[in-house]
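One-letter residues, chain by chain:
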Amino acid sequence: MLQRQVVRKILIGSIAAILSGCSSMGVDPWDRDLLAKPEMAINSSPLDQAVDDHIYFSKEASSGGRSFAGGGCGCN
Amino acid sequence: MKQSLLYKLILVLLTISFGSNLAAETSSQFNLEEYEGKVVYLDFWASWCVPCQKSFPWMNKIQKEYGTDKLVIIAVNLDKKRLLADNFLAEYPADFKIFYDPTGKLAKRYQIKGMPSSIIFDQSGTPVSAHTGFFKEKIQLYEQEIESLLAKERNK
Amino acid sequence: MQLINQSKTDQKIKPNKKYIAEKLALAATGLLGGSVYAQETEAEWDFSASILTYAETDRVSAAEIIIVGDKDYSDTSKFSFKVILDSLTGASANGAIEQNTPQTFTRPSGKDNFVTNANSTPLDDTFKDTRGQINLAWTDSLMEDTRYTIGTNLSKEFDYHSISFSGEIARDFNQKNSTLSAGLSFGSDQYNPHGKIPVAFSSMVIDEGQFASQNEFNTAFNATRGDSSDTITTAELLLGWTQIVNRRMLMQFNYGFADSSGYLTDPFKVLSVVDNNGITQDLVYENRPDSRTQYTVFGLVKYHLDESIFDISYRYLTDDWDIQSHTINTHWRFFINETNFLEPHYRFYQQSAAEFYQPFISQAGTIPNYASADYRVGDMTAYTIGVKYGFQMFGDRAEVRLEYYKQTPNEANQPVGIENLNGLELYPKVDAIIFQVNYFL
């Protein structure tokens, strides 16, 4: 299917981007003051997320798609 | 006219030299040689680093246990705003030296790999071990490293 | 797709109230001769709770309560649970189209029927249901820079229950500036509808006085009923990459794959079979394929400005039912002071219809293999606009959220049917208000 090809291309493109440019992106460990804030976490509003997922799963035909690892203060 | 311009120029030059002195104070003020003969535990922390809430009470404990004539704990703060560090210290008081490094010069010099970080120097100023992170389960290890350096000195 | 969340509550600095309580406890132990050593205090539970009300105009209303708790067990491990209770009342469109005359429908149990007024969308209000759900998760470190989470989810309502297991592994690179994660989830659901599973495309038996006795009605009704229960199994894979761009900016990309198989039909939905004049001649139970494979790509950017945090995300979904959807979600949190914030929210959603979606069946044509008039698999555009306010209540963090959700069918994309139906509302709209209160202990 054409759409699957589009999705595959996005996937391959993303992996290529990770492998090529990303060792240069980022901050020093002591520069994570803003990223350490709970509001900057990927899942900063887990209660809202749970509510929204439930509502939109019941009212629409799409669900899911997101994960929650990474970011934060990078401590320990 | 020319006089006021000259005064302005002198003022600017003075400010630059004075300002750069202030900036230089952070890293140049830190001198390991001051602590020759003592074991130095150099800790890098920030108000937003949650494990530091556990490391401070422990550092208080060992500073008290060994006394400042044998062991010097220096905690380098990496907050960009002094107020954040002050708030943390109000909640988790420190009975050891605090050093302020808001621009991260010292952290860069010692190539800190994560937060928090600690480096243990022996009595001659040579770094003997470095730890990234603070783990309650590793406290025994940290204490053993300090103890073994102090024991070497005692047995001389 | 619902992999177990790794909430970042371990990044919170404990509020003053708890600190004072700890200190008092320590002082007390000191008096009793115990060791006065702050480090020895055991980690406590962090709780948060949410109450939600959801109300559609003239349709479904729901109330929900969520309680979340987590506790650190060691430097690296954490246990968390989530309990959800929700209650649904009101009526939902059953798939039949409206007519110029009142219509009678038999309830799914076969024991009763209801009447819909002329010129109004047929709504079935049989769904008064309460659901309970519990979610447990355990996170720990596997080795340096590597964490895993395992979790289970159980959900039960009157005629439906579901169990799933998930596992996720995450690894940091480049001084924790990059994180790659992979998650797998497996689920099994069972449907036990009251009145059994209807036979696909069988005609709804309606008692309009044509049956000599209740027994005769029952016989006719039971002929349209199949198994008493059926199952659905799901498998999901989610790959993620989170990247810190600079001191203010974070981004995430996810790729997801989900496969469901089993009874994916909605046993309560029907299609109207209409003649050339647009008059309903028959009502048949819908039928959907017994498998569905979905692919999603998701991207998120979060940016910390001076006094606010902005985020925007996009999700694209495509599946083998020919559904494609786009979701754009954005929030902007403005910090008013140390404890208060205001966060406007906007969500845009657009979906294209499943290939088997049709608003009705024409009597002149043949009954296809699969058909559903459920507006939820139709062409639609929806938007949500809302605002959240954060403040302090009794010294603890609290939030209130008010949102408006509007879903509109994309009528331009609908198949052109029978002329006489043009004056009638064939495609139900949804309008809802969401009000939620969150409290953090």
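Parameters and conventions
- Residues numbered from 1 in each chain as written.
- Chains lettered and ligands numbered in written order.
- Predicted model: local features only at pLDDT ≥ 70, side-chain atom pairs only at ≥ 80, totals over all residues.
- Heavy atoms only, no water.
- Pairing = 2+ DSSP bridges.
- Helix = DSSP H or I, 4+ residues; strand = E, 2+ residues; numbered from the N terminus.
- Axes fitted to C-alpha atoms, helices over the stretch in contact; angles between N-to-C directions.
- Contact = heavy atoms within 4.5 Å.
- Buried < 20%, exposed > 50% of the residue type's maximum accessible area, 1.4 Å probe, protein only.
- Arc of directions from axis to C-beta.
- Disulfide = S-S within 2.5 Å.
- Buried area = accessible area lost by both parts, 1.4 Å probe.
- Salt bridge = Lys/Arg side-chain N within 4 Å of Asp/Glu carboxyl O.
- Polar contact = N/O pair within 3.5 Å; in protein donor to acceptor, adjacent residues only side chain to side chain.
- Nonpolar A, V, L, I, M, F, W, Y, C, P; charged D, E, K, R; others polar.
- Phe/Tyr/Trp six-rings, centres within 6.5 Å; stacked < 30°, edge-to-face > 60°.
- Lys NZ or Arg CZ within 6 Å of the ring centre and 35° of its normal.

(A) Region of interest: the sheet that holds strand β3 (residues 97-100) of chain B. Residues and elements named next belong to chain B. The five strands are arranged β3-β2-β1-β4-β5 in an open sheet whose pairing can be described as mixed. Two strands bound the open sheet, and with one partner strand each, they are β3 and β5 (127-132). Sheet twist, expressed as the average angle between the axes of neighbouring strands with direction ignored, equals 20°. Pairing geometry for strand β1 (residues 39-45) and strand β4 (residues 117-121), over five bridges, is antiparallel. Of the residues in β4, the one forming a bridge with Val40 is Phe121. Where helix α2 (residues 52-66) meets the sheet, it contacts β1, β2 (71-77) and β3, and its direction lies at approximately 155° from that of β2. In the packing of helix α3 (residues 82-91) onto the sheet, the strands contacted are β1, β2 and β3, and the crossing angle to β3 comes to about 160°.

(B) Here's a closer look at α3 of chain B. Residues and elements named next belong to chain B. The set of residues buried in α3 consists of Ala85, Phe88, Leu89 and Glu91. All buried residues of α3 fall inside an arc of 160° around its axis, so they share one side. Opposite the packed face of α3, turned more than 90 degrees from it, sit the exposed residues Leu83 and Ala90.

(C) Examining the state of the cysteines more closely. Residue and element names in this part refer to chain A. Considering all chains together, one arrives at two disulfides over all chains under this definition. Paired through a disulfide, Cys73 and Cys75 show a sulfur-sulfur distance of 2.3 Å. Using a relative accessible area of 2% as the deciding quantity, one classes Cys73 as buried.

(D) Representation of the interface of chain B and chain A in the model. Tallying the contact residues gives 17 residues for chain B and eleven residues for chain A. Where chain B abuts chain A, roughly 1100 Å² becomes buried across the two surfaces, and 64% of that area is made up of carbon and sulfur atoms. Together, Trp48, Lys80 and Met115 of chain B form the three largest contributors to the area buried by chain B at its contact with chain A, with a combined 52%. Seen at the junction of chain B and chain A, the total is two salt bridges.

(E) Geometry of unusual backbone geometry. At the junction of Met115 of chain B and Pro116 of chain B, the peptide bond is cis and its omega measures out at -10° in the coordinates. With respect to the element layout, Pro116 of chain B can be found in the loop between α4 (105-109) and β4. Backbone geometry at Asp58 of chain C places phi at a positive 65°, although glycine is not the residue there. Tracing the backbone through its elements, the reader meets Asp58 of chain C in the loop between β1 (45-56) and β2 (61-72). Within the chain, Phe201 of chain C stands out as a residue other than glycine whose phi angle is a positive 65°. Mapped onto the elements of the fold, Phe201 of chain C is located in the loop between β11 (178-191) and α2 (214-223).

(F) Up close: the pairing of β1 of chain C. Residue and element names in this part refer to chain C. Side chains Asp46, Ser48, Ser50, Leu52, Tyr54 and Glu56 project from β1 onto a buried face, and the interleaved Trp45, Phe47, Ala49, Ile51, Thr53 and Ala55 project onto a face without burial. Bridge count between β1 and β2: eleven bridges; the pairing is antiparallel. Paired with Asp46 across the bridge in β2 is Asp70. Linking β1 back to β2 in an antiparallel pair, the connection comprises four residues, with Asp58 at a positive phi of about 65°. As paired strands, β1 and strand β23 (residues 430-440) are joined by nine bridges and run antiparallel to one another. If you follow Glu56 over to β23, its bridge partner there is Ala432.

(G) Spotlight on the side chain of Gln407 of chain C. Mapped onto the elements, Gln407 of chain C comes out in strand β22 (residues 396-409). Those residues in contact with Gln407 of chain C that lie beyond four places of it in its chain are Lys59 and Glu60 of chain A together with Tyr375, Met380, Thr381, Ala382, Lys429 and Val430 of chain C.

(H) Fine view of the interface of chain C and chain A. With 89 residues of chain C at the contact, the number on the chain A side is 56 residues. Taking both partners together, chain C and chain A bury about 6400 Å²; carbon and sulfur atoms supply 57% of that area. Between the two partners, chain C and chain A, sit six salt bridges. Residue Lys59 of chain A pairs with Glu56 of chain C through a salt bridge whose shortest N-O separation is 2.7 Å. Summed over the shared surface of chain C and chain A, the number is 31 residue pairs in polar contact (both at pLDDT 80 or more). By residue number, the principal contributor to the side of chain C that touches chain A is strand β16 (residues 291-304) of chain C, which donates ten residues. Grouping the amino acids of the side of chain C that touches chain A by side-chain chemistry returns 35 nonpolar, 31 polar and 23 charged.

(I) Spatial organisation of the side chain of Asn254 of chain C. You can see Asn254 of chain C is positioned in strand β13 (residues 249-262). Classification of Asn254 of chain C by relative accessible area gives buried; the value is 4%. Leaving out residues up to four positions away in the same chain, Asn254 of chain C has contacts with Gly65, Arg66 and Ser67 of chain A together with Leu238, Leu239, Gly240, Trp241, Thr296, Val297 and Phe298 of chain C.

(J) Examining the packing of aromatic side chains more closely. Applying the stated criterion to the full structure yields 30 aromatic pairs over all chains. Residues Phe88 of chain B and Tyr92 of chain B carry aromatic rings whose centres are separated by 4.9 Å and whose planes lie at 35° to one another, so their mutual orientation is tilted. Residue Tyr92 of chain B is classed as buried on the basis of its relative accessible area, which comes to 12%. Ring geometry for Phe47 of chain C versus Phe81 of chain C: centroids 6.4 Å apart, planes at 65°, classification edge-to-face. One end of the pair, Phe47 of chain C, is in strand β1; the other, Phe81 of chain C, is in strand β3 (residues 78-89), with 34 residues separating them in the sequence. A connected cluster of aromatic rings, assembled from ring pairs, spans Trp45, Phe56, Phe88, Tyr92 and Phe96 of chain B. Here Arg171 of chain C stacks its cationic end above the ring of Phe173 of chain C, 5.7 Å away from the centre of that ring. A cation over an aromatic ring shows up here: Arg333 of chain C above the ring of Phe341 of chain C, its NZ or CZ 3.9 Å from the ring centre.

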